[in-house]
Amino acid sequence: MVGLHYRGIEFVENDAVSVPMLNRCLERARAIQGVGGLAVSKDESQDARGRDGVVQVGSTPGSVTFTIPLRITVELGGIAASPFTAAALPTIASGALPASEVGGPVDKQRLAQAVVNARALLANRADVVAIKPGYRFADGAITDEKAVVVSVRRKIERSSLESRGVLALPTQIDGVRVDVAVATTADLCGEGTGIGEEARVPSWHTAYEKRPDLPMTRRSAQMRFVIHSGPDSGWPQLSKFLKATRKSLAVAMYEFGAPHIVDGVIAGVKGAKETIGLVLQLGGHVGSGTKKDDFTDAETVDRIREAKKSKFDFAAASVGKAGIFDSAYHIKVAVRDSRSLWLSSGSWQTSNQPNVDPLTEDSTPAALRQFNREWHVILDNAELAELFANHIERDLKEARETEEAPAPAEPLVFVPAGMLADLEAAAKPRYFPPLEGRRMLDVHPILTPDNYIETVLPFIQAARRSVLFQNQSFNTKTVGGDYGKLLDALLAKQQDGLDVRVIFRSFGPDDRDTISFAKDYGFDTGRIRIQKNCHTKGIIVDGEAALVGSHNWTTAGTGFNRDASLIFYDREIAEFYRALFEYDWERIGPARIDETLPPPILVSPGEETVPPPGYVAVPRSVLLGR
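All values derive from a computational prediction rather than experimental measurement.

(A) Summary view of the sheet that holds strand 9 (residues 176-182). The strand order across the open sheet formed by four strands is 6-7-9-8, and the pairing between neighbours is mixed. Looking at the sheet topology across the chains shown, the edges are occupied by strand 6 (128-138) and strand 8 (172-173). Inspection of the sheet shows strand 7 (residues 141-152) paired to strand 9 by five bridges, in the parallel sense. Bridging from a neighbouring strand, Val-150 pairs with Val-180 of strand 9. This element, helix 2 (residues 108-122), spans strand 6, strand 7, strand 8 and strand 9 of the sheet and lies at about 140 degrees to strand 6.

Now the structure itself:
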């Protein structure tokens, strides 16, 4: 193997043929025979002299020639000649292919064949990360036109290619348009399948045993409630909740490191007799952005243990292949004195529960531009509070029995989501005061793996006018378990003419895949919008019922992880969240991807976990839909 300098600007931007790229070239040369009707040929008549940037089938069996501008011929022994000729493989030069003009209907079969041809011709280019079927995007918006999507590490204006020594990619292949895109996380991980292709579906598991003695059933009861949102009033309400502690706190949390919340918890149980139980998934990501001053989860545990000594009961959540839950103990619940319940879409980190009160005085930049959109609930009801407290106590006991096999460190991806400054309206944000009251409420508690799908499926199917969906995740690519039933129910309501709208979180270049797969699944992408800091997981049906909680819409989130939600069959509460949804919908505008962003950065366990400016750290499993 050799690495040869082959393009760039001297002393400024020198690119070379790397060993992995040459390995790719060899693998492609081995595989090219007979793939999709394309083959290595023995036709001696083909002009093999080559030109700058040309990839050609060689003149001898088992050979491929790369001219960049040096000619490198890779010959492999043992490959038999094929009846196909090199004339079937058009060469790539000057940014165009000698094929028919773009046009005519592109069905699944034609698109698939164009992708096969493109992979044979382009996959050995160092600047090409993945080639897959997809849709053309125009001015950042998805169109109905199917295209061969060529993912690259960065997009360069065609006018700048010549000065950089970069050969232009073709504008079409076999009459099918080529659309160049910034590589997604899946592309960089080698899992960049496109629409209509069979994705590598991961497996999911849970060792959780349901608890019939702690039924998650619908009930009506008298209770005090505080329905609120973040960053509007998240911490002001949570701080009151913690301060009112008299006997105990039981906490089930995904991430916990915000210093003001750590201090608030310790102050809330400061008495000698007050106790705290905590189940926490260790390994939350802090140290940058809004979480630059947050404690690690382990530091949080140490601080509480130092303050409460024997009155602190702790267990690390049991997650992973050897654990109880598949990939995340993703729940966000706290129970105070077995009488009051706090439940949210957001963990106890500064990004989710910032120490701000924008209803009194907004920060600079505005809180809604810095921190996550969250939905929160506080309920004073002993029956519900005790139900969740008992589940947390059982989680703690079972986690302690299995925590000797901790989950491995989660690989991270640095996503350029912090650069998405233009997704939202420039106008001064509006903040919503809490909805507070005391009366009868009709509530259905939900836990996963216990009863999410069996409860939410009929909830959606009962819709008569509208379903408003706002969630960090909207995965229509890797669908397993019974998760597809939820997607099918939501899609059916949209196709039946109901007002079905979707808001999901922006993850930079990965947004293109999310929108493309949603379109291919059948969803109207004109009814989808992207929100920079969306972290809520809510659904509003007919303006009469609302779901609030921590469940991501993924296979693991709806079936195999630990999450908690509540459905309120209450018009006033549903109206509070409907108004929030409508405000966000109008503020963020139609869904458009930012094609000027750099690609994500893959981070291996043990490497630096503080992302560079403009990037945020996201677990790789989140972006790959696992």
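(B) Inspection of the pairing of strand 21 (residues 528-531) at higher detail. Of the two faces of strand 21, the one carrying Ile-528 and Ile-530 and the one carrying Arg-529 and Gln-531 are both buried. The sheet contact formed by strand 20 (residues 499-505) and strand 21 spans four bridges and is parallel. Paired with Val-502 across the two strands is Ile-528, which belongs to strand 21. Taken together, strand 20, helix 12 (residues 510-521) and strand 21 constitute a β-α-β crossover, and its handedness is right-handed.

(C) Fine view of the nonpolar core. One finds Leu-379, Phe-388, Phe-568 and Tyr-577 to be the most contacted residues of the largest nonpolar core, which totals 61 residues. Per-element accounting of this core gives the leading share, nine residues, to helix 14 (residues 571-588). Phe-137, Ile-453, Ile-460 and Ile-530 belong to the second-largest nonpolar core, a separate cluster that totals 53 residues.

(D) Inspection of helix 12 at higher detail. Given a rise of 1.5 Å per residue, twelve residues ought to cover 16 Å, and the 17 Å separating the end C-alpha atoms of helix 12 matches this to within 8%. Among the residues making up helix 12, those that are buried are Asp-510, Asp-511, Arg-512, Asp-513, Ile-515, Ser-516, Phe-517, Ala-518 and Lys-519. A positive phi of about 125 degrees marks Gly-522, the residue just after helix 12.

(E) Examining the packing of aromatic side chains more closely. Enumeration according to the criterion identifies 16 aromatic pairs in this entry. Each ring, one from Phe-325 and one from Tyr-329, has its centre 5.8 Å from the other, and the planes form 50 degrees; the classification is tilted. With relative accessibility at 1%, the residue Tyr-329 sits in the buried group. Taken together, the aromatic side chains of Phe-469, Phe-474, Tyr-483, Tyr-521, Phe-523 and Trp-553 make up a single cluster linked through ring pairs. Sitting over the ring of Trp-585, Arg-501 keeps its end group 5.1 Å from the ring centre. Lys-519 extends its terminal NZ or CZ atom over the ring of Tyr-135, reaching a point 5.5 Å from the ring centre.

(F) Summary view of the packing of helix 5 (residues 234-243) against helix 6 (residues 259-268). As a packed pair, helix 5 and helix 6 sit with axes 9 Å apart at the nearest point and diverge in direction by 20 degrees. Considering their axes alone, helix 5 and helix 6 lie roughly parallel with respect to each other. Counted together, Trp-235, Leu-238 and Leu-242 of helix 5 and His-260, Ile-261, Gly-264, Val-265 and Gly-268 of helix 6 form the full contact between these two elements. A breakdown of the residues in the contact of helix 5 with helix 6 according to their chemical character gives five nonpolar, three polar and no charged.

(G) Local environment of the confidence of the model for the chain. Residue-level pLDDT values for the chain average 84, and 80% of them are 70 or greater. Overall, residues 5-15 carries pLDDT values under 50, and its contacts beyond four positions in sequence, including any with other chains, amount to 24 contacts. Overall, residues 78-100 carries pLDDT values under 50, and its contacts beyond four positions in sequence, including any with other chains, amount to 62 contacts.

(H) Layout of the environment of Gly-346. Examined against the element boundaries, Gly-346 turns out to sit in the loop between strand 15 (340-344) and helix 8 (367-370). Of the residues examined, Gly-346 reaches a relative accessible area of 0% and is grouped as buried. In this structure the C-alpha to C-alpha distance between Gly-346 and Lys-332, which are 14 residues apart in sequence, comes to 6.5 Å. If we skip the residues at most four places from it in the chain, Gly-346 touches Lys-332, Asn-352, Gln-353, Glu-374 and His-535.

(I) Molecular detail of the environment of Arg-211. Note on placement: Arg-211 falls in the loop between helix 4 (185-188) and strand 10 (219-230). Sequence separation between Arg-211 and Arg-394 is 183 residues; the distance between their C-alpha atoms is 9.5 Å. Contact partners of Arg-211, with chain neighbours within four places excluded, come to His-391, Arg-394, Asp-395, Glu-398, Asp-450 and Arg-562. Polar side-chain contacts of Arg-211 include one of 3.0 Å to the side chain of His-391. A polar contact is formed between the side chain of Arg-211 and the side chain of Asp-395, at a distance of 2.8 Å.

Here is what the cut-offs are and how they apply
Residues numbered from 1 in each chain as written. Predicted model: local features only at pLDDT ≥ 70, side-chain atom pairs only at ≥ 80, totals over all residues. Heavy atoms only, no water. Pairing = 2+ DSSP bridges. Helix = DSSP H or I, 4+ residues; strand = E, 2+ residues; numbered from the N terminus. Contact = heavy atoms within 4.5 Å. Axes fitted to C-alpha atoms, helices over the stretch in contact; angles between N-to-C directions. Buried < 20%, exposed > 50% of the residue type's maximum accessible area, 1.4 Å probe, protein only. Right-handed = clockwise from strand over helix to strand, strands pointing away. Core = buried A, V, L, I, M, F, W, Y, C linked by side-chain atoms within 4.5 Å. Expected span 1.5 Å × (residues − 1). Phe/Tyr/Trp six-rings, centres within 6.5 Å; stacked < 30°, edge-to-face > 60°. Lys NZ or Arg CZ within 6 Å of the ring centre and 35° of its normal. Parallel < 35°, antiparallel > 145°, perpendicular 65-115°, else oblique. Nonpolar A, V, L, I, M, F, W, Y, C, P; charged D, E, K, R; others polar. pLDDT = per-residue confidence, 0-100. Polar contact = N/O pair within 3.5 Å; in protein donor to acceptor, adjacent residues only side chain to side chain.

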